[in-house]
Amino acid sequence: MLIVCLAWFCINLLYYVIGLNSNSLSGNRFINVFLLGLLDIAATAWFYLTADKLGRRNSYISMVTMMAIFTVLTPFAGKWHPTLTNVLVCTSKLIASVGFSIILLYTGELFPTALRQSITGISNAVGKMGGITAPYVLYAGDPTGSITTSIIIGSVLLASAVLFLFLPRAINQTLPQSIEDAVNMRSEVACLGCVRKNSPSEDKT
């Protein structure tokens, strides 16, 4: 639950940081806001194309890793060419929008029926805390120009992606009906030289 809550926090944080910071991008601010809005529509199509192909866990890991890299590179890109900053920011916004749909679906697949609604509500509440934190991140320094702020955000995103490796793959699996079913969902994770094997039901996927 803590790993999932961190994911909700990260997705909300980056999404609202980009949305609130759109005026600092180069070019016409009205066009920038319009383009960022169009990305939400494109994100829906991307979600349908990738969620069933890669699975929710692998999709989140790959997307958040890209967001972490783009976030760290953005201040350096701005020193080379302002347009490159816009491209990286827009790409991160697109990925964050897809991440909203993926994490919402994946949260429901991890937890049993009796806890699914409660856990989703708790995770969503933690995610809202990320949205509340976004303005304070902007006051700490422009993420598109402050190297320190970008590195901190990128590090948190990368940590979330690494922690997701410890969660099971839920693609093509039956939703857990009890806490025991949820606990038995395992993933193969190499940690300190020890490998935890998949359950027989997961090997089928």
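Each value, and the rule that gives it
- Residues numbered from 1 in each chain as written.
- Predicted model: local features only at pLDDT ≥ 70, side-chain atom pairs only at ≥ 80, totals over all residues.
- Heavy atoms only, no water.
- UniProt positions renumbered as here; feature names shortened; annotations may be inferred.
- Helix = DSSP H or I, 4+ residues; strand = E, 2+ residues; numbered from the N terminus.
- Salt bridge = Lys/Arg side-chain N within 4 Å of Asp/Glu carboxyl O.
- Buried < 20%, exposed > 50% of the residue type's maximum accessible area, 1.4 Å probe, protein only.
- Core = buried A, V, L, I, M, F, W, Y, C linked by side-chain atoms within 4.5 Å.
- Contact = heavy atoms within 4.5 Å.

1. Regarding the UniProt feature "transmembrane region" (unreviewed entry) in the chain
Working step 1: Per the UniProt entry, the sites bearing "transmembrane region" (unreviewed entry) are residues 29–48, 60–78, 84–107, 119–139 and 145–167 in this numbering.
Working step 2: The span residues 29–48 carries 100% helix and 0% strand; its end-to-end C-alpha distance comes to 30 Å.

2. Here we look at the pattern of salt bridges
Working step 1: Under the defined criterion, the tally for this structure stands at one salt bridge.
Working step 2: Of the charged contacts in the structure, one is a salt bridge between Glu109 and Arg56, with a shortest N-O distance of 2.5 Å. Of the two residues, Glu109 is situated in helix α4 (residues 82–110) and Arg56 in helix α3 (residues 56–80); the sequence distance between them amounts to 53 residues. In this pair, the class of Glu109 matches that of Arg56, namely buried.

3. A closer look at the nonpolar core
As a rule of thumb, soluble globular proteins bury nonpolar side chains together.
Working step 1: Ranked by size, the top nonpolar core spans 42 residues in total, and within it Tyr60, Val64, Met67, Leu157 and Phe164 carry the most contacts.
Working step 2: Sorting the residues of this core by element identifies α1 (2–20), α2 (29–54), α3, α4, α5 (113–140) and α6 (147–163) as the ones contributing at least two each.
Working step 3: Once you skip the residues sitting within four places of it in the chain, Tyr60 turns out to touch Ala7, Cys10, Ile11, Ile102, Ser160 and Phe164.

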